[in-house]
Amino acid sequence: MTELRRTPLYDLHIELGARMVPYAGWEMPVQYPLGVLGEHQHTRAAAGLFDVSHMGQLILRGPGVAEALERLVPADIVGLAPGRQRYGLFTNDRGGIVDDLMIANKGDHLLLVVNAACADKDIAHLAAHGLHPEVVGDRALLALQGPAAESALASLVAGVAEMRFMDVADLEWDGARLWVSRSGYTGEDGFEISLREDRAVDFARALLALDEVAPVGLGARDSLRLEAGLPLYGNDMGEDVTPAQAGVGFAIPKARRAGGVRAGGFPGADVILPELGAAAHSRRGVMPEGRAPIREGVAIFAGAEGGEPLGHVTSGGFGPSVGGPVAMATLPSGIPDGAVLYAELRGKRQKLRVVPMPFVKTTYKR
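Per an unreviewed UniProt entry, the recorded name for the protein chain is aminomethyltransferase, and the organism is Paracoccus solventivorans. Annotation of the protein chain in UniProt includes, under Sequence similarities (unreviewed entry), the sentence "Belongs to the GcvT family." Note on the protein chain: under the UniProt heading Catalytic activity (unreviewed entry), the record states "N(6)-[(R)-S(8)-aminomethyldihydrolipoyl]-L-lysyl-[protein] + (6S)-5,6,7,8-tetrahydrofolate = N(6)-[(R)-dihydrolipoyl]-L-lysyl-[protein] + (6R)-5,10-methylene-5,6,7,8-tetrahydrofolate + NH4(+)".

Below, the structure is given as structure tokens:
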């Protein structure tokens, strides 16, 4: 078996009492003594600190790099201003999603943050198309999320309070250079901070010394993103799921759509562009009745008995802020919000309702 990798904060996680689990080839904290429910609620009420150092950090440099990346990603990268970040997708020739990622314009280079499980695949994908990224191997990545994230980080780092959602900046803390973005994966206001791995533990300790900050593991990270209606690669999207089906067509701007100034020109454009706004199936929010959560793979039917499945759950669990189970499912796009459907759970049909997402209001600072 391949040995699991450890982030620079591994020893700190053990010291803090984390329960460690395998995740995407890494040994990661799934929860701390506060527990998943407590960590979730603390992030919504104050600020949660997440170790996301398993994510891939890649740098692309050189003349024409934005134009070159646009040949792989249906986003407006040429028009991305310095100091700004954008959500994007790597697509394949079938119109599926190779990975979703963040792309930041750092002035003289682009910084890409990709999913841990897809990092090697993404690097090979870039290389196969003539782009050879520098792999950032000496920096940790932390996320500070929640309504108190700004005040907590601002008490240590000058300049963060002036940032807006999707801004990026290089800032200083105790002689260390921080790559900061105002973004995250919880639906809350917050920041992601990249810094040299030899300073990561000290920086994490400085944040955790603040009353409003608590460590948060993968368990609460999943329930937070689920309530925010944010898709997870490998569950809600993948190589056989198009952007429209995954509900991320918003990532393709007018400039790259039919009739746009740089329309198409990316893998799968002939499949992806005609389907925008017209996908037969798409990712939808559903709320089951009762307290029992429905999870990935559960079939969904039109009636209380009989019939063929209409679709299936792609992500599901208990929503602590909602106070009940929530899920995302692939369903026919014509089914209206408010429709009553049924999930088959352990041989019994459970009533659920189709609802708009997100399940909780997002609080990004725009």
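It is worth spelling out the domain arrangement of the protein chain at this point. On domain assignment, one finds that the protein chain holds domain 1 (10-54 + 137-227) and domain 2 (280-366). Averaged C-alpha coordinates put domain 1 and domain 2 at centres separated by 30 Å. The interface of domain 1 with domain 2 comprises 16 residues on the first partner and 20 residues on the second. The contact between domain 1 and domain 2 buries some 1,500 Å² in all, and 57% of this surface belongs to carbon and sulfur atoms. Three residues stand out in domain 1 for area buried against domain 2, namely F165, L226 and E227, and they jointly supply 47% of the buried area on that side.

Spatially, the 5 strands line up as an open sheet ordered β6-β7-β8-β5-β9, and their pairing is antiparallel. Only two strands of the sheet have a single partner each, and these edge strands are β6 (85-91) and β9 (134-135). Where β6 meets strand β7 (residues 97-105), 7 bridges bridge the pair, whose relative direction is antiparallel. The residue bridging Y87 from the neighbouring strand is M102, located in β7.

Before going further, it helps to examine the sheet that holds strand β1 (residues 5-6). Each strand in a sheet pairs with another by means of backbone hydrogen bonds, the pair being arranged parallel or else antiparallel. The sheet built from 3 strands is open, its strands ordered β1-β3-β2 with mixed pairing. The open sheet has two edge strands with one neighbour each: β1 and β2 (19-23). In this fold helix α7 (residues 218-227) packs onto β2 and β3 (26-31), with an angle of close to 70° to the strand it touches most, β3.

Residue position: S181 is located in strand β12 (residues 176-181). Here the side chain of S181 touches S183 through a polar contact of 2.8 Å, side chain to side chain.

Let's shift gears to the UniProt feature "binding site: substrate" (unreviewed entry) in the protein chain. Within this numbering scheme, the UniProt entry marks E192 as carrying the feature "binding site: substrate" (unreviewed entry). Mapped onto the fold, E192 is located in strand β13 (residues 190-196). Residue classification places E192 among the buried residues on the basis of a relative accessible area of 14%.

Enumeration according to the criterion identifies 23 salt bridges in this entry. When salt bridges that share partners are traced, they join E70, D76, R256 and R262 into one network.

Turning next to the UniProt feature "domain: Aminomethyltransferase C-terminal" (unreviewed entry) in the protein chain. Feature annotation in UniProt places "domain: Aminomethyltransferase C-terminal" (unreviewed entry) on residues 287-361, given in this structure's numbering. Secondary structure within residues 287-361 divides into 0% helix and 49% strand; the distance between the first and last C-alpha atoms comes to 16 Å.

Looking now at α7. The element α7 is largely enclosed, with a buried count of 9 among its 10 residues. Considered for burial, the residues of α7 that qualify are L218, G219, A220, R221, S223, L224, R225, L226 and E227. Considering only its buried residues, α7 is in contact with β2, β3, α2 (35-45), β4 (47-51), β17 (311-319) and β18 (324-332). Downstream of α7 by a residue or two, G229 has a phi angle that is positive, lying close to 70°.

Below, the discussion takes up the packing of aromatic side chains. As enumerated under the stated definition, the model contains 3 aromatic pairs in all. On the basis of an interplanar angle of 65° and a centroid distance of 5.0 Å, the ring pair of W173 and F203 is categorised as edge-to-face. Of this pair, W173 sits in strand β11 (residues 168-173) while F203 sits in helix α6 (residues 197-208), and the two are 30 residues apart along the sequence. W173 gets classed as buried once you look at its relative accessible area, which sits at 10%.

Across 2 bridges, strand β16 (residues 299-301) lies against strand β19 (residues 340-345) in antiparallel orientation. Looking across to β19, one finds that I300 is bridged to A343. Summarising the sheet, β19 and strand β20 (residues 348-355) pair through 6 bridges and their orientation is antiparallel. From the neighbouring strand, Y342 faces β20, where its bridge partner is K351. The turn linking β19 back onto β20 is made up of 2 residues, and R346 within it adopts a positive phi angle of 55°.

Criteria and cut-off values
- Residues numbered from 1 in each chain as written.
- Predicted model: local features only at pLDDT ≥ 70, side-chain atom pairs only at ≥ 80, totals over all residues.
- Heavy atoms only, no water.
- UniProt positions renumbered as here; feature names shortened; annotations may be inferred.
- Domains from an automatic or database assignment.
- Contact = heavy atoms within 4.5 Å.
- Buried area = accessible area lost by both parts, 1.4 Å probe.
- Pairing = 2+ DSSP bridges.
- Helix = DSSP H or I, 4+ residues; strand = E, 2+ residues; numbered from the N terminus.
- Axes fitted to C-alpha atoms, helices over the stretch in contact; angles between N-to-C directions.
- Polar contact = N/O pair within 3.5 Å; in protein donor to acceptor, adjacent residues only side chain to side chain.
- Buried < 20%, exposed > 50% of the residue type's maximum accessible area, 1.4 Å probe, protein only.
- Salt bridge = Lys/Arg side-chain N within 4 Å of Asp/Glu carboxyl O.
- Phe/Tyr/Trp six-rings, centres within 6.5 Å; stacked < 30°, edge-to-face > 60°.

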